[in-house]
Amino acid sequence: SNLFQNITPQLMKQHLKLYLVMGSVNCKKDPVEVLSEAIEGGITIFQYREKGDGALEGYEKLQLGKKLQSFCKQNNIPFIVNDDINLALELDADGIHIGQEDGNISEIRKLVGNKILGVSTHNLAEAKEAVNLGTNYIGVGPMYETKTKLDASEVTGPNMIRHLRQNSINIPIVGIGGINQTNLKPVITAGADGVAVISAISASSQPRAVVNKLIETIDESFPNK
Ligand code: TZP
Ligand code: MG
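Residues numbered from 1 in each chain as written. Chains lettered and ligands numbered in written order. Predicted model: local features only at pLDDT ≥ 70, side-chain atom pairs only at ≥ 80, totals over all residues.

Draft legend 1. Looking closely at the overall build of the chain. Helix and strand counts for the chain stand at 10 helices and 8 strands. For the chain, long-range pairs separated by at least 24 residues make up 64% of all intrachain contacts whose partners lie at least 6 apart in sequence. (Helix = DSSP H or I, 4+ residues; strand = E, 2+ residues; numbered from the N terminus. Contact = placed C-beta atoms within 7 Å.)

What follows is the structure, given as structure tokens:
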């Protein structure tokens, strides 16, 4: 798909508003059901992150990816693949999200062309590098303690986002890690364009209701609204 190729920073920021990240391991219900409810609730971008104990591999990983991608397509939601560049290319995903240990950012940019490229960052040096290499957005975190990512680095808190903004990091930013309805406001007021969430949505028995609430709280949190 080329709908989101060469995405503008402005459109990227809009789509980062509520970023659902998940795979089968994170879901209380069928992942397809979780995603379709979350889309109905109003998520604005989705990342397929099939990782951890019991994660699907090979053909099964591909098949679930195809199903989730088709729901995203029907609803104009960018479909991003975590880590797996071959899968992103095979599915013709809208983008790829990588961490600091997932390879050379410039090489990955060459492989994925004009697709969305997002990178996880934890400090100003990493954010500056991501900007210089032309990534479309950065994830910053963990904002808060999280049980979802076992090898998560130290909590930075929303202040890291404020620090990046004060140091002229103007690209789209999404906060991640331990975020829920009760603690998201400081992430937005620190300067994030949105929040990325795994367990608050995917481990819920009512993903649609949770997403409705998150959207309402995000809207209330933006300084100009
Ligand atoms: N990267 C930093 S924290 C994290 C990732 C993938 C996990 C976020 O999951 P949750 O359940 O929203 O804390
Ligand atoms: Mg990774």
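Draft legend 2. Focus on the pairing of strand E4 (residues 95-98). Burial of E4 is two-sided: the residues Gly95 and His97 facing one way and the residues Ile96 and Ile98 facing the other way are all buried. A crossover links strand E3 (residues 79-82) with its parallel partner E4, the connecting element being helix H4 (residues 85-91), and its sense is right-handed. As judged from the 4 bridges shared by E4 and strand E5 (residues 116-121), these two strands associate in the parallel manner. By the bridge assignment, Ile98 is partnered in E5 with Val119. On the question of chirality, the crossover connecting E4 to the parallel E5 by way of helix H5 (residues 105-112) is right-handed. (Buried ≥ 20, exposed ≤ 12 C-beta atoms within 10 Å, placed from the backbone. Right-handed = clockwise from strand over helix to strand, strands pointing away. Pairing = 2+ DSSP bridges.)

Draft legend 3. Representation of the sheet that holds strand E6 (residues 137-140) in the model. On the basis of which strands lie adjacent, the closed barrel formed by 8 strands has the order E1-E2-E3-E4-E5-E6-E7-E8 and parallel pairing. The sheet shows a mean angle of 25° between the axes of neighbouring strands, direction not considered. Pairing of E6 with strand E7 (residues 173-176) involves 3 bridges; the strand directions are parallel. In the strand pairing of E7, Val140 is matched with Gly175. Contacting E5 and E6, helix H6 (residues 124-132) runs over the sheet at an angle of about 165° to E5. Packing of helix H10 (residues 207-221) onto the sheet brings it into contact with strand E1 (18-22) and strand E8 (194-197), and relative to E1 it is tilted by some 145°. (Axes fitted to C-alpha atoms, helices over the stretch in contact; angles between N-to-C directions.)

Draft legend 4. Representation of the nonpolar core within the structure. With 59 residues, the main nonpolar core has Val195 and Val197 as its most contacted residues. The greatest single-element share of this core, amounting to 5 residues, is contributed by E1. Those residues in contact with Val197 that lie beyond four places of it in its chain are Leu20, Val21, Ile179 and Leu214. (Core = buried A, V, L, I, M, F, W, Y, C linked by C-beta atoms within 7 Å.)

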